[in-house]
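Summary of structural features
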Amino acid sequence: MENMNEYKLKLIQKIIRINDIKILLKIEDYISEFEKKDIKNIVNDDTAIYQSKIHFTNEQLKMIKEAEQDIENGDFYTDEEVRKMTEEWLK
């Protein structure tokens, strides 16, 4: 069986060959409906050539929220602080 990227590439190639605007609009509608249903727990990376999606587990989402809270509370060390602590520890 083909891997996911090969299958996506074949679909993209087929879509490129379609010259009927009605069919393209239907494909776009279908994808939009899918995205609306699949939007929960997804991070979109718009910098990628193809938009990638990362699905987080509940545990990962919990850890992200805890990290955000730590940042808001100032409960973190800067890179410079960590380097100084490491240098002291290695002495």
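What about the overall build of the chain?
Each helix and strand counted, the chain has four helices and two strands in total. For the chain, the succession of helices and strands along the chain, N to C, is α-α-β-β-α-α. Counting all 91 residues of the chain, 1% fall into the buried class. Of the accessible surface of the chain, which amounts to about 9,000 Å², a share of 57% is contributed by carbon and sulfur atoms.

A closer look at the pattern of salt bridges
Pairs may arise between side chains of opposite charge once their charged atoms sit close together. Enumeration according to the criterion identifies three salt bridges in this entry. Notably, a salt bridge pairs Arg83 with Asp79, separated by 2.8 Å at the nearest N-O pair. Here Arg83 and its partner Asp79 are both found in helix H4 (residues 79-90), four residues apart, which amounts to about one turn of the helix. As a salt-bridge pair, Lys91 and Glu88 come within 3.2 Å of each other at their nearest N and O atoms. Considered together, Lys91 and Glu88 belong to a single accessibility category, that of exposed residues.

Remarks on the environment of Lys91
The residue Lys91 is located in the segment after H4 in this model. Here Glu88 takes part through its side chain, which lies 3.2 Å from a polar atom of the side chain of Lys91.

As for a negative patch on the surface
Among the surface-exposed residues, Glu59, Glu66, Asp70 and Asp75 lie close enough to one another that they form a single negatively charged patch. With respect to the secondary-structure elements, Asp75 resides in the loop between helix H3 (58-73) and H4. Take Asp75: its relative accessible area is 49%, and that puts it in the partly exposed class.

Let's talk about the confidence of the model for the chain
Across the chain, pLDDT averages 81, with 80% of residues at or above 70. Ranking the elements of the chain by mean pLDDT puts strand E1 (residues 42-45) last with 51 and H4 first with 91.

Thresholds applied
Residues numbered from 1 in each chain as written. Predicted model: local features only at pLDDT ≥ 70, side-chain atom pairs only at ≥ 80, totals over all residues. Heavy atoms only, no water. Helix = DSSP H or I, 4+ residues; strand = E, 2+ residues; numbered from the N terminus. Buried < 20%, exposed > 50% of the residue type's maximum accessible area, 1.4 Å probe, protein only. Areas by Shrake-Rupley, 256 points an atom, 1.4 Å probe, with all protein chains shown as cover. Salt bridge = Lys/Arg side-chain N within 4 Å of Asp/Glu carboxyl O. Polar contact = N/O pair within 3.5 Å; in protein donor to acceptor, adjacent residues only side chain to side chain. Patch = residues over 30% accessible without salt bridge, like charges linked within 9 Å, V, L, I, M, F, W, Y side chains within 5 Å. Lys, Arg positive; Asp, Glu negative; His and termini not counted. Charge placed at Lys NZ, Arg CZ, Asp CG, Glu CD. pLDDT = per-residue confidence, 0-100.

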